[in-house]
Amino acid sequence: MTLTVRAGMLEHDRMNHVFDVLRAITVLCEPEELVELVVNKAQSLLEAAAAVVILRTDQGYRVESASGFDPGAVVGLESDSFRTVQEQLEAMARGGGGWEGFLGVPMVAAGMVIGALCVFGSPRGRFSDEDTQLLSLLADQVSVVLDNARLHQALRRHHQDLYQSHHHVDSRLKTVLEHMADGLLLFGPDGPLLQSNRAARTMLELGQDGTLGVEISVAGPGGWVDCWSLEMLYRLMVAAGPGAMVHLKVDSIGRWYDAVCTPSTTPEGLREYVVLLRDVTHYRRVEDLKASFLSMAAHEIRTPVTAIHGYLSLLLSGRLGDSAPLPGAVTRALQAMQSNVERLLLLISDLLDVTRMDGPGISFNSTAVDVRSLIDEVLEEVSVLAENRHITVKRDVPELGHAFWDQQRVAQVMLNLLSNALKFTPEGGEVEVSAQAGPAALVIRVADSGPGIHPSQHRLVFEPFWRGDHARQTPGSGLGLAICKRIVDAHLGRIWVESQVGAGATFIVELPRRLEQAAVVQQRS
Ligand code: ADP
């Protein structure tokens with residue numbers, strides 16, 4: 001922009017006015033003040049009789065600020081057409097002394113016309129190009145500021161909306177957490193209780209000061225641990241590990257809870273722990289009822305079925321009365337009945353085992369067991385089955401010394417694993433039993449070349465009554481592995497399967513050398 005010296009106002013005076021405006025932009029925070037300043041400066045800089053800022057509104061155009069006019073009469077003047085506003089202002093200007101000359105420049109922000117900066121009445125009768133340039137400069141400055149103010153306002157509104165919706169979500173979340181059926185405890189980094197919900201306060205009968213109102217028993221790897229403070233509960237839950245399910249019981253009120261502890265990190269990087277408690281008393285009761293029904297039914301069925309089995313054996317042996325030898329067809333029918341009755345007896349015995357092992361009162365007797373002999377005896381027992389099915393059984397069992405286990409029960413586990421391996425492996429396949437000694441435990445493996453088990457079913461096979469699709473054609477009750485798991489658990493050992501579909505299955509049992517009787521009794525009670 002070139003500015004020349006002109007009568008009335010020197011160039012540096014004009015520049016000073018422009019600088020005043022630029023300085024004001026950085027100092028004044030209210031856009032209204034700035035608009036007023038720009039209007040004043042436009043009037044004096046261009047030596048005009050009057051100046052106005054007209055802003056575009058949703059309805060049309062509106063005079064925002066004025067200088068040289070009677071502000072009361074002009075500010076707020078509006079119309080849906082710019083031309084009308086301009087004509088009204090010019091009429092007032094004529095009335096105020098017949099000012100000559102009008103100049104208006106658009107105010108543009110973000111590519112949009114947001115209004116106009118206008119001057120009326122030049123001392124020279126018309127405004128020059130230089131005046132236009134100056135006025136445009138002022139209009140540009142004020143446009144930028146007004147646009148920033150608009151953005152700022154939009155941002156503030158957005159922020160307010162965000163705050164309100166966050167506040168809303170936060171209070172909704174608090175309500176949900178407070179009233180949900182599961183109990184919730186939030187522990188700080190070193191165990192202080194930071195928050196609890198209504199369910200947790202009821203379940204644990206928490207006092208105002210966060211003290212436990214009941215004594216809880218917590219199931220740990222070594223049996224039940226009595227816990228009488230929240231701090232102790234916190235430590236036991238953290239020790240169980242993130243996401244591990246921990247069983248709790250409150251004997252005094254006869255309730256059972258399952259608890260899970262999950263760590264979370266605060267924005268400051270501190271560890272907090274959320275403990276969720278679920279009241280499972282109802283499921284426990286149903287389970288107990290189911291177990292006692294099964295146990296009672298199995299007991300009741302066993303007696304008559306045993307009697308039938310006895311009579312069938314007598315009939316088949318020809319020792320019943322002085323009857324003549326049975327015709328072949330009758331013998332075959334009786335043999336079929338006998339083998340079905342034997343299967344029924346096996347199922348009853350499994351049912352009784354699984355229900356007894358889930359309840360109290362089962363005892364495991366620890367005796368010195370020669371491990372290799374135990375494995376050999378079981379192998380001997382299944383040898384006929386292996387021969388019948390043309391399955392090669394390999395054995396890789398070194399001298400392993402003695403272990404202190406319930407011999408009959410561990411033999412039951414081995415028998416079950418080997419019977420399964422022989423049952424599910426197609427004729428002509430292979431089964432291998434191997435064993436090795438670790439520092440504190442013995443590991444026994446039963447591997448087969450059968451159909452294998454999909455990894456998603458590796459846990460399911462140990463559930464009572466679960467049977468895979470491939471087992472449909474094979475007799476069985478789905479209880480064998482559930483019983484194995486209970487026996488191994490009672491010995492504080494582990495049992496699991498490693499397998500892929502089509503690649504055989506390997507069942508692995510890890511048993512500590514000593515069955516700790518005390519721990520077993522404690523765990524079961
Ligand atoms: P059952 O043998 O009476 O069906 P188990 O509890 O012993 O009951 O086994 C449960 C299920 O696990 C079986 O029905 C079968 O689907 C699967 N399973 C067990 N052992 C094997 C094995 N060696 N190979 C393939 N699947 C097996």
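Here, the structure is the one placed above.
Procedures and definitions
- Residues numbered from 1 in each chain as written.
- Predicted model: local features only at pLDDT ≥ 70, side-chain atom pairs only at ≥ 80, totals over all residues.
- Heavy atoms only, no water.
- Near = heavy atom within 4 Å.
- Polar contact = N/O pair within 3.5 Å; in protein donor to acceptor, adjacent residues only side chain to side chain.
- Areas by Shrake-Rupley, 256 points an atom, 1.4 Å probe, with all protein chains shown as cover.
- Helix = DSSP H or I, 4+ residues; strand = E, 2+ residues; numbered from the N terminus.
- Pairing = 2+ DSSP bridges.
- Contact = heavy atoms within 4.5 Å.
- Axes fitted to C-alpha atoms, helices over the stretch in contact; angles between N-to-C directions.
- Core = buried A, V, L, I, M, F, W, Y, C linked by side-chain atoms within 4.5 Å.
- Buried < 20%, exposed > 50% of the residue type's maximum accessible area, 1.4 Å probe, protein only.
- Salt bridge = Lys/Arg side-chain N within 4 Å of Asp/Glu carboxyl O.
- Phe/Tyr/Trp six-rings, centres within 6.5 Å; stacked < 30°, edge-to-face > 60°.
- Lys NZ or Arg CZ within 6 Å of the ring centre and 35° of its normal.

**Q** Please set out the site of the ligand residue by residue, giving values where relevant.
**A** Taken together, 20 residues surround the ligand, and among them Asn-420, Asp-448, Arg-467, Gly-468 and Leu-481 come closest. Contact distances for the ligand include 2.8 Å between an oxygen atom and a side-chain N or O atom of Asn-420. Contacts to the ligand include Gly-478, whose backbone N or O atom sits 3.0 Å from an oxygen atom. Bound to the protein, the ligand loses 98% of the 530 Å² it would expose on its own. For the shell around the ligand, the elements supplying multiple residues, two or more each, are helix H11 (407-424) and helix H12 (480-490). Tallying contributions element by element places H11 first for the shell around the ligand, with five residues.

**Q** Can you lay out the sheet that holds strand S2 (residues 61-67) for me, pointing to particular residues and giving the numbers?
**A** Read from one edge of the open sheet, five strands run S3-S2-S1-S5-S4, paired in antiparallel fashion. Bordering the open sheet on either side are strand S3 (78-79) and strand S4 (102-109), each of which pairs with just one other strand. Examined bridge by bridge, strand S1 (residues 50-56) and strand S5 (residues 112-120) share six bridges and lie antiparallel to one another. Counted as the bridge partner of Ala-50 is Phe-120 from S5. Sitting on the sheet, helix H2 (residues 31-45) is in contact with S1, S2 and S5, with an inclination near 65 degrees to S2. Contacting S1, S4 and S5, helix H5 (residues 129-179) crosses the sheet at an angle of about 35 degrees to S4.

**Q** Describe the nonpolar core, naming the residues involved and giving the relevant values.
**A** If you look at the biggest cluster of nonpolar residues, it comprises 57 residues, and the most contacted ones within it are Ile-375, Trp-405, Leu-417, Leu-418 and Phe-507. Take this core: its biggest share by element is eight residues, from helix H9 (residues 328-358). Val-38, Leu-55, Leu-117 and Leu-146 belong to the second-largest nonpolar core, a separate cluster that totals 27 residues.

**Q** Summarise the pattern of salt bridges; cite the residues concerned and give the values.
**A** Note on pairing: side chains with opposite charge can pair once their charged atoms come close. Counting across every chain of the model gives 16 salt bridges. Residue Glu-430 pairs with Lys-394 through a salt bridge whose shortest N-O separation is 3.4 Å. Here the residue Glu-430 occupies a position in strand S16 (residues 430-437), and Lys-394 occupies one in strand S14 (residues 392-396), the gap between them amounting to 36 residues. With a relative accessible area of 38%, Glu-430 lands in the partly exposed category. With a relative accessible area of 38%, Lys-394 lands in the partly exposed category. Within this structure, Asp-353, Arg-356 and Arg-409 form a network of salt bridges that share partners.

**Q** Tell me about the environment of Ser-366, residues and numbers included.
**A** Relative to the helices and strands, Ser-366 resides in the loop between H9 and strand S13 (367-370). Between the alpha carbons of Ser-366 and Arg-514 there is a distance of 7.9 Å; along the sequence they are 148 residues apart.

**Q** Account for the packing of aromatic side chains, with residues named and values stated.
**A** All chains considered together, the criterion is met by seven aromatic pairs. When the ring of Phe-102 is compared with that of Phe-120, the centres are 5.1 Å apart and the planes differ by 50 degrees; the resulting orientation is tilted. Of this pair, Phe-102 sits in strand S4 while Phe-120 is found in strand S5, placing the two residues 18 residues apart along the sequence. Owing to a relative accessible area of 28%, Phe-102 belongs among the partly exposed residues under this scheme. The exposure class of Phe-120 is buried, given its relative accessible area of 2%. An aromatic cluster is present here, built from Phe-69, Phe-102 and Phe-120 joined pairwise through their rings. A cation over a ring is seen here: Arg-284 above Trp-256, with NZ or CZ 3.9 Å from the ring centre. Geometry around Trp-496 places Arg-494 over its ring, the cationic atom sitting 4.2 Å from the centre.

**Q** So what's going on with unusual backbone geometry? Residues and values would help.
**A** Despite not being glycine, Ala-110 shows a phi value in the positive range, around 50 degrees. Position of Ala-110 relative to the elements: it lies in the loop between S4 and S5. Owing to a relative accessible area of 69%, Ala-110 belongs among the exposed residues under this scheme. You will see that Phe-465, though not glycine, has its phi angle at about 70 degrees, which is positive. With respect to the helices, strands and loops of the structure, Phe-465 is situated in the loop between strand S17 (441-448) and H12. Judged by its relative accessible area of 42%, Phe-465 falls in the partly exposed class.

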